[in-house]
Amino acid sequence: MNRSLPPLYALRAFEAAARHLSFTRAADELAITQSAVSRHIRTLEDHFACRLFERGGRALHLTEPASLLLPGIREGFESLERACACLLYTSDAADDLLC
């Protein structure tokens with residue numbers, strides 16, 4: 001496994017902030033502060049050595065590197081959701097797995 005990945009919490013914050021184009025709405029979704037989202041984004045920007053968001057007044061825009069990163073992050077989280085869903089039990093019988 002590749003150990004050079006950034007922290008998962010930072011990737012979650014990035015995906016939410018990119019989807020909402022708002023650190024505040026990402027923070028609300030993740031039940032953390034806006035300041036925490038900003039720190040998580042800074043962690044990723046340090047990791048990748050590039051800016052991920054352009055901040056202009058109240059508007060937030062993805063940079064080109066962020067636009068390249070986002071599809072893979074979304075696919076990764078969707079894959080994790082599918083993998084975790086395999087362990088959910090059906091409502092009919094507690095012993096039947098969905099996968």
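Structure: above.
Residues numbered from 1 in each chain as written. Predicted model: local features only at pLDDT ≥ 70, side-chain atom pairs only at ≥ 80, totals over all residues. Heavy atoms only, no water.

Glancing now at the pairing of strand β1 (residues 53-56). Inspection of the sheet shows β1 paired to strand β2 (residues 59-62) by 4 bridges, in the antiparallel sense. Opposite glutamate 54, over in β2, you have histidine 61 as the bridge partner. (Pairing = 2+ DSSP bridges. Helix = DSSP H or I, 4+ residues; strand = E, 2+ residues; numbered from the N terminus.)

Moving on, we get to helix α4 (residues 64-85). End to end, α4 covers 32 Å across 22 residues, agreeing with the expected 32 Å (1.5 Å per residue, within 8%). By the largest-angle criterion, leucine 70 marks the main kink of α4, which is about 30°, and a proline, proline 71, follows within four residues. Along α4, the residues classified as buried are Ala66, Leu70, Ile73 and Phe77. Close packing links the buried residues of α4 with α1 (8-20) and β2. (Expected span 1.5 Å × (residues − 1). Bend = angle between axes of the 7 residues up to and from the residue. Buried < 20%, exposed > 50% of the residue type's maximum accessible area, 1.4 Å probe, protein only. Contact = heavy atoms within 4.5 Å.)

Scanning all chains against the criterion turns up 2 aromatic pairs. Here a set of aromatic residues connected by ring pairs shows up, and it is made of Phe14, Phe23 and Phe53. (Phe/Tyr/Trp six-rings, centres within 6.5 Å; stacked < 30°, edge-to-face > 60°.)

Evaluated as defined, the whole model comprises 4 salt bridges. A salt bridge links glutamate 15 to arginine 19; the shortest N-O distance between them is 2.8 Å. Remark: arginine 19 and glutamate 15 occur in helix α1; sequence separation between them is 4 residues, near one turn of the helix. Taking the shortest distance from any N to any O, the salt bridge between arginine 51 and glutamate 45 comes out at 3.8 Å. Its relative accessible area of 45% is what places arginine 51 among the partly exposed residues. Connected through shared salt-bridge partners, Glu15, Arg19, Glu29 and Arg74 make up one network. (Salt bridge = Lys/Arg side-chain N within 4 Å of Asp/Glu carboxyl O.)

Moving on, we come to the nonpolar core. With 21 residues, the main nonpolar core has Phe14, Phe23, Val37 and Phe53 as its most contacted residues. Those elements that provide at least two residues to this core are α1, α2 (23-30), α3 (34-48) and α4. Considering every element that reaches this core, the biggest residue donor is α1, with 7 residues. Excluding residues within four positions of it along the chain, phenylalanine 14 makes contact with Ile41, Leu44, Leu52, Phe53, Leu62, Ala66, Leu69, Leu70 and Ile73. (Core = buried A, V, L, I, M, F, W, Y, C linked by side-chain atoms within 4.5 Å.)

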